[in-house]
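Read off the chains here:
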Amino acid sequence: MNIIFMGTPDFAVPSLQALLEEGYNVTTVVTQPDRPKGRKRVLTPPPVKVEAEKHGIPVLQPEKLRQADSVEILRQLKPDLIVTAAYGQILPKAVLDLPKHGCINIHASLLPKYRGGAPIHHAVLRGEATTGVTIMYMAVGLDTGDMISRVELPIEDTDTTGTLFQKLSIAGSELLKRTLPDLLAGRIQAVAQNEADAIYSPNIRREDELIDWSRSAVEIWNQVRGLNPFPGAYTLWNGEVMKVWESANPKEATSRSFAEAPAPGTVLGSSEHGIEVMTGEGTLWLTHIQPAGKKAMPVSEFIRGVQIAAGTTFGSVGEDQP
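As the structure is a computational prediction, the values presented were derived from the model and not from experiment.

What counts and what doesn't
- Residues numbered from 1 in each chain as written.
- Predicted model: local features only at pLDDT ≥ 70, side-chain atom pairs only at ≥ 80, totals over all residues.
- Heavy atoms only, no water.
- Helix = DSSP H or I, 4+ residues; strand = E, 2+ residues; numbered from the N terminus.
- Buried < 20%, exposed > 50% of the residue type's maximum accessible area, 1.4 Å probe, protein only.
- Contact = heavy atoms within 4.5 Å.
- Areas by Shrake-Rupley, 256 points an atom, 1.4 Å probe, with all protein chains shown as cover.
- Lys, Arg positive; Asp, Glu negative; His and termini not counted.
- Charge placed at Lys NZ, Arg CZ, Asp CG, Glu CD.
- Pairing = 2+ DSSP bridges.
- pLDDT = per-residue confidence, 0-100.
- Salt bridge = Lys/Arg side-chain N within 4 Å of Asp/Glu carboxyl O.
- Arc of directions from axis to C-beta.

## Focus on the overall build of the protein
Move 1: On a plain count of helices and strands, the protein comes out with nine helices and 15 strands.
Move 2: Structurally, the protein occupies a C-alpha span of about 70 × 45 × 35 Å along its principal axes.
Move 3: Taking all 322 residues of the protein together, the buried fraction comes to 48%.
Move 4: A separation threshold of at least 6 residues defines the contact pool for the protein, and within that pool the share at least 24 residues apart is 63%.
Move 5: Accessible surface computed for the protein: about 15500 Å², of which carbon and sulfur atoms make up 50%.
Move 6: When the 31 basic and 37 acidic side-chain charges of the protein are each reduced to a single mean position, those positions are 5 Å apart.

Below is the structure:
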């Protein structure tokens, strides 16, 4: 049984480890090329490559998997099964047709919800109460293949995209362990996805990061935790970008009434507990921020040196700041 594993980020590492722990013969790992990272742009290998090299597994890093020479290399490896997890490239039909047991993908959502490249982000951004992992057969379409198995996880109020990333990576590896014996024995009854329920989750764009203070406090709170730890939500303060990394759960806050509600984005006050900001519905306490050119810090630390006066307005691109 020859298995090719395809994956790139930390999310995929536990699934590769699971295959090795269960004694499967992973003959080759395919991952993205090394990329420059950090301010110094140091060429850095993907986490999956690092893990593969620990076990002496040959690694392929094609820039484009669709290229004929890449497909031919995989054909010569004669895979019986290809397992992917957050690989980062769409597999062409020529690759999908290679293994006799097919190509399967460990996808971090409850399909058909949140197909695409950022399923964890979008589940939090939209305020979902549950998420999960689906193992599916890969097809030519984007995450459209028949579903093999799935596991559900609650999204806690304390969760961020970062914490769910870790939880789902482990859940996916455990699901893979449970699924493979039945799949390889031909005992799987895959289920087609309901196209009417499909929701796409494209990669996060810069405009998705900007806080629109006319939205409700709950929606902005979901945005902040949905973009933590990457790429981060932001607003403008004095015409410069200020990242907002954490905010208090508005569902737990005492509601306030106003004779005349301030405009959304207006700072109502600041203290060691945070910066209270008016939104389109309710107020939101920002608790962990990163002003332009500074490190990320709790508001309790920030206000020791800088005060944001009540009446200051956080704004959107193109808006003037007081």
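There is more to say after this.
## Thoughts on the sheet that holds strand E2 (residues 26–30)
Move 1: Taken in spatial order, the seven strands make up an open sheet running E5-E2-E1-E6-E7-E8-E9, and their pairing is mixed. Whereas interior strands pair on both sides, the edge strands pair on one side only; in this sheet they are strand E5 (59–60) and strand E9 (147–154).
Move 2: By the bridge criterion, three bridges tie strand E6 (residues 81–85) to strand E7 (residues 103–107) in an arrangement that is parallel. For Ile 82, the partnering residue across the bridge sits in E7 and is Cys 103.

## Notes on the confidence of the model for the protein
Move 1: Of all residues in the protein, 98% attain a pLDDT of 70 or more, and the chain-wide mean is 95.
Move 2: Here residues 317–322 is modelled with pLDDT under 50, and outside its nearest four sequence neighbours on either side it reaches 13 contacts, counting other chains as well.

## Focus on the pattern of salt bridges
Move 1: Inspection of the entire model under this criterion finds 19 salt bridges.
Move 2: Of the charged contacts in the structure, one is a salt bridge between Glu 195 and Arg 115, with a shortest N-O distance of 2.9 Å. With Glu 195 in the loop between helix H6 (161–184) and helix H7 (206–209) and Arg 115 in the loop between E7 and helix H5 (119–125), this pair connects stretches of sequence that are 80 residues apart.
Move 3: Relative accessible area serves as the criterion here: at 49%, Glu 195 is assigned to the partly exposed category.

## Considerations on helix H3 (residues 68–77)
Move 1: Restricting attention to buried positions, one finds in H3 the residues Ser 70, Val 71 and Leu 74. Across the axial projection of H3, the buried residues extend over an arc of 95 degrees, all falling on one side. Opposite the packed face of H3, turned more than 90 degrees from it, sit the exposed residues Ala 68 and Gln 76.
Move 2: Those residues of H3 hidden inside the fold are in contact with strand E1 (3–7), E2, E5 and helix H4 (93–96).
Move 3: One or two steps after H3, the chain reaches Lys 78, where phi turns positive at roughly 50 degrees.

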